[in-house]
Every structure is written in structure tokens, then in C-alpha cells.
Amino acid sequence: MPNGQTILDINRDLAKKINGEAKQNPKSPYAGKFVGIANGQVVAVVDDLDEMARKLWQAEPDPSKTFFVEASRDYD
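## Digging into the overall build of the protein
The number of helices and strands found in the protein is 2 helices and 3 strands. Scaling as 2.2 N^0.38, a compact globule of 76 residues should have a C-alpha radius of gyration of about 11 Å, and the protein matches this with 12 Å. Taking the principal axes of the C-alpha coordinates as reference, the protein spans close to 30 × 30 × 20 Å. In the protein, which comprises 76 residues, the share counted as buried stands at 30%. Element-wise, carbon and sulfur atoms account for 49% of the exposed surface of the protein, whose accessible area totals about 5,000 Å².

Below you can see the structure in the form of C-alpha cells.
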């Protein structure tokens, strides 16, 4: 992993980037969606949180290697 980052760091950085894009551009394909990330890759873009959980588990059964964000949401 680059620069000693953990997979959690990589997933979190990608989630922040996606959320920032969605907040800036309401036409982003991520805007208003749940975006699932596993091992530094987007693996799901869905409307439903239950579907998000299923898709993340299918992509990576180890939850410590997954992350999700509700894009466009203000987390600050």
C-alpha cells in the first residue's frame, strides 16, 4: 500500500473524494447514492442501504476492508 496507508485510509480517502465531487456536482453519478468501496475500489452505487450491505459483502466479506458513503451528504 502506498505511503504506509492502511486499506481503511485508502477507502476513506476515496469516499471523501467521491462525496466532495457529489456535493460540488449534483449531476455526478454518485450524487444522492450510497457508494460502496472495497479494497480501494468502488464496487457499488445504489439507492438502498440494504442493497449496499449485500453488494459490499459480495465484493469483500471482510468488513474491515470496506467502506461506504452517502454521497452528497454533509458529514462536517
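Let's pick the thread back up.
## Focus: the sheet that holds strand β3 (residues 66-70)
Taken together, the 3 strands give an open sheet; going across it, the order is β2-β1-β3, and neighbouring strands pair in antiparallel fashion. A single partner strand is all that each edge strand has here, and the edge strands are β2 (41-46) and β3. Strand-to-strand twist of the sheet, defined as the mean angle between neighbouring strand axes without regard to direction, takes the value 20 degrees. Here 5 bridges tie strand β1 (residues 34-38) to β2, and the two strands are oriented antiparallel to one another. Counted as the bridge partner of V35 is V45 from β2. Set on the sheet, helix α1 (residues 7-24) makes contact with β1, β2 and β3; between it and β3 the angle comes to about 15 degrees.

## Thoughts on the pattern of salt bridges
Scanning the model with the defined rule gives 4 salt bridges in all. Put simply, K33 and D47 hold a salt bridge, and the shortest N to O gap is 2.8 Å. Residue K33 is found in the loop between α1 and β1, and its partner D47 is found in the loop between β2 and α2 (49-59); the two are separated by 14 residues along the sequence. Given a relative accessible area of 25%, K33 falls into the partly exposed group. Between E70 and R73 there is a salt bridge whose closest N-O contact spans 3.4 Å. Classification of R73 as partly exposed rests on a relative accessible area of 45%.

Conventions and cut-offs
- Along each chain, residues carry numbers from 1 onward, in the same order as the chain's sequence is written.
- Confidence filtering applies because this is a predicted model: local features only for residues at pLDDT of at least 70, side-chain atom pairs given and counted only at 80 or more, and all residues used for totals across whole chains, interfaces and linings.
- Heavy atoms from the whole structure form the basis of all side-chain values; hydrogens and water molecules are not counted.
- Helix numbers and strand numbers start at the N terminus; a helix is a DSSP run of H or I with at least 4 residues, a strand a run of E with at least 2.
- With the radius of gyration taken over C-alpha atoms, the globule rule is written as 2.2 Å times the number of residues to the power 0.38.
- The buried label applies to any residue whose accessible area, calculated with a 1.4 Å probe on protein chains only, is under 20% of its type's maximum; exposed applies above 50%, and partly exposed to all values in between.
- A 1.4 Å probe and the Shrake-Rupley method give the accessible areas. Residues count as covered only by the protein chains that appear here.
- When DSSP locates at least two bridges between a pair of strands, those strands are taken to pair.
- Axis lines are fitted to C-alpha atoms, over the contacting stretch for helices. Their N-to-C directions set the angle, which ranges from 0 to 180 degrees.
- Note on contacts: a residue pair qualifies if any of its non-hydrogen atoms lie within 4.5 Å across the two residues.
- Take a side-chain nitrogen of Lys or Arg and a carboxyl oxygen of Asp or Glu: if they are within 4 Å of each other, that pair is a salt bridge.

In short, the description is geometric, and any link to function would need to be established separately.
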